[in-house]
Amino acid sequence: MKIQVEEVPGLMETEVVVRCGRAGGDAARVLAKLSELEAEGTGRLTGQLEGQTYLLDPVKVLYADTADKRTFLYTAGGVYETELRLWELEERLRARDFFRASKSALVNFNAIRSLRPDLGGRIRLTMDNGEAVYVSRQYAPGLRERLGL
């Protein structure tokens, strides 16, 4: 991969051009990282759905989880795959009321409709879209403390 930087006096906005033999592999990874970088500046997240990249408002993300080394963002409108790892999302979303619910899930505290105790010390959360997300026994004390219980 060859990287070039060209300074253009008077240019009002940074422009990035990616030239490649085919749009896949390295080019796809570079475009994904550039999308994430652009989204960071706006406070938004990026997610892919059916080959398209979407800018997502973190407030509209209900929860995030991982499966098979892939990370997904769940909204009322759909499920988006993101290039970010769960720990990266946790760092980025901590200030927006997201908390770790298990080793593989982050939850938007403001998108919880109801909660109830479950077997084994877990807590079952019902999200605004009706889906159930479980807080593991390991992370349940943190949620109880946050709720003042």
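See above for the structure.
About the thresholds
- Residues numbered from 1 in each chain as written.
- Predicted model: local features only at pLDDT ≥ 70, side-chain atom pairs only at ≥ 80, totals over all residues.
- Heavy atoms only, no water.
- Core = buried A, V, L, I, M, F, W, Y, C linked by side-chain atoms within 4.5 Å.
- Buried < 20%, exposed > 50% of the residue type's maximum accessible area, 1.4 Å probe, protein only.
- Helix = DSSP H or I, 4+ residues; strand = E, 2+ residues; numbered from the N terminus.
- Contact = heavy atoms within 4.5 Å.
- Pairing = 2+ DSSP bridges.
- Axes fitted to C-alpha atoms, helices over the stretch in contact; angles between N-to-C directions.
- Phe/Tyr/Trp six-rings, centres within 6.5 Å; stacked < 30°, edge-to-face > 60°.
- Arc of directions from axis to C-beta.
- 1 Å grid on protein atoms, 1.4 Å probe; cavity = no way out; pocket = protein on both sides within 12 Å on 5 of 7 lines; lining within 4 Å.
- Points joined across faces, edges and corners; volume = space filled by probe spheres on them.
- Nonpolar A, V, L, I, M, F, W, Y, C, P; charged D, E, K, R; others polar.

1. Examining the nonpolar core
Right, on to step 1. Within the largest apolar cluster, 17 residues are counted, with the highest numbers of intra-cluster contacts made by Y63, F99, V107, L125, M127 and V135.
Right, on to step 2. A total of three residues in this core trace back to one element, the largest contributor, which is strand β9 (residues 123-127).
Right, on to step 3. Each residue touching Y63, except ones within four places of it in the same chain, is listed here: F72, L73, Y74, L106, V107, M127, E131 and V133.
Right, on to step 4. Grouped together as the second largest cluster of nonpolar side chains are 12 residues, V61, Y80, L93 and L106 included.

2. Points about the sheet that holds strand β8 (residues 112-117)
Right, on to step 1. Spatially, three strands are ordered β8-β9-β10 in an open sheet, and the strand pairing comes out antiparallel. Either end of the sheet is taken by a strand with one partner, and the two such strands are β8 and β10 (132-135). Taken pair by pair, the neighbouring strands of this sheet meet at an average axis angle of 25 degrees, ignoring direction.
Right, on to step 2. Relative to β10, β9 is paired through four bridges, and the arrangement is antiparallel. Looking across to β10, one finds that L125 is bridged to V133.
Right, on to step 3. Against the sheet, helix α3 (residues 140-147) makes contact with β8, β9 and β10, and its axis sits at roughly 65 degrees relative to β9, the strand it touches most.

3. Points about the packing of aromatic side chains
Right, on to step 1. Per the counting criterion, the structure on display carries three aromatic pairs.
Right, on to step 2. Ring plane angle 65 degrees and centroid distance 5.5 Å describe the contact between Y54 and Y80, whose orientation is recorded as edge-to-face. With Y54 in strand β2 (residues 52-56) and Y80 in strand β5 (residues 78-82), the pair connects residues that are 26 residues apart, well separated along the chain.
Right, on to step 3. Looking at Y80, the relative accessible area reads 10%, which means it is buried.
Right, on to step 4. Relative to Y74, the ring of Y63 has its centre 4.3 Å away and its plane inclined at 10 degrees; by these criteria the two rings are stacked. Placement of Y63 in strand β3 (residues 61-67) and of Y74 in strand β4 (residues 70-75) is noted, with a sequence separation of 11 residues between them.

4. Focus on helix α2 (residues 86-93)
Right, on to step 1. Considered for burial, the residues of α2 that qualify are L86, L89, E90 and L93. Angularly, the buried residues of α2 cover 105 degrees about the axis, an arc narrow enough to put them on a single face.
Right, on to step 2. Elements that come into contact with the buried residues of α2 comprise β1 (45-49), β3, β4, β5, β6 (98-102) and β7 (105-108).

5. Comments concerning the layout of surface pockets
Once rolled over the atoms, a probe with the size of a water molecule shows which space is left empty.
Right, on to step 1. A volume near 880 Å³ is recorded for the largest pocket.
Right, on to step 2. Among the residues forming the lining of the largest pocket, the class breakdown is 13 nonpolar, two polar and six charged.

6. Digging into unusual backbone geometry
Right, on to step 1. Phi at D68 is positive, roughly 50 degrees, even though this residue is not glycine.
Right, on to step 2. Secondary-structure assignment places D68 in the loop between β3 and β4.
Right, on to step 3. A residue is classified by how much of its surface remains accessible, and D68, at 74% relative accessible area, is exposed.
Right, on to step 4. The phi dihedral of K69 is positive, around 60 degrees, even though this residue is not glycine.
Right, on to step 5. Considering the arrangement of structural elements, one finds K69 in the loop between β3 and β4.

7. Some details on the pairing of β3
The two faces of a sheet get side chains in turn, since along a regular strand they alternate between them.
Right, on to step 1. Most of β3 is tucked away, with five of its seven residues classed as buried.
Right, on to step 2. Across six bridges, β3 lies against β4 in antiparallel orientation. Looking at the pairing, A64 lines up with L73 of β4.
Right, on to step 3. Between the end of β3 and the start of β4, which pair antiparallel, lie two residues, with D68 showing a positive phi angle near 50 degrees.
Right, on to step 4. As paired elements, β3 and β7 share three bridges and run antiparallel to each other.

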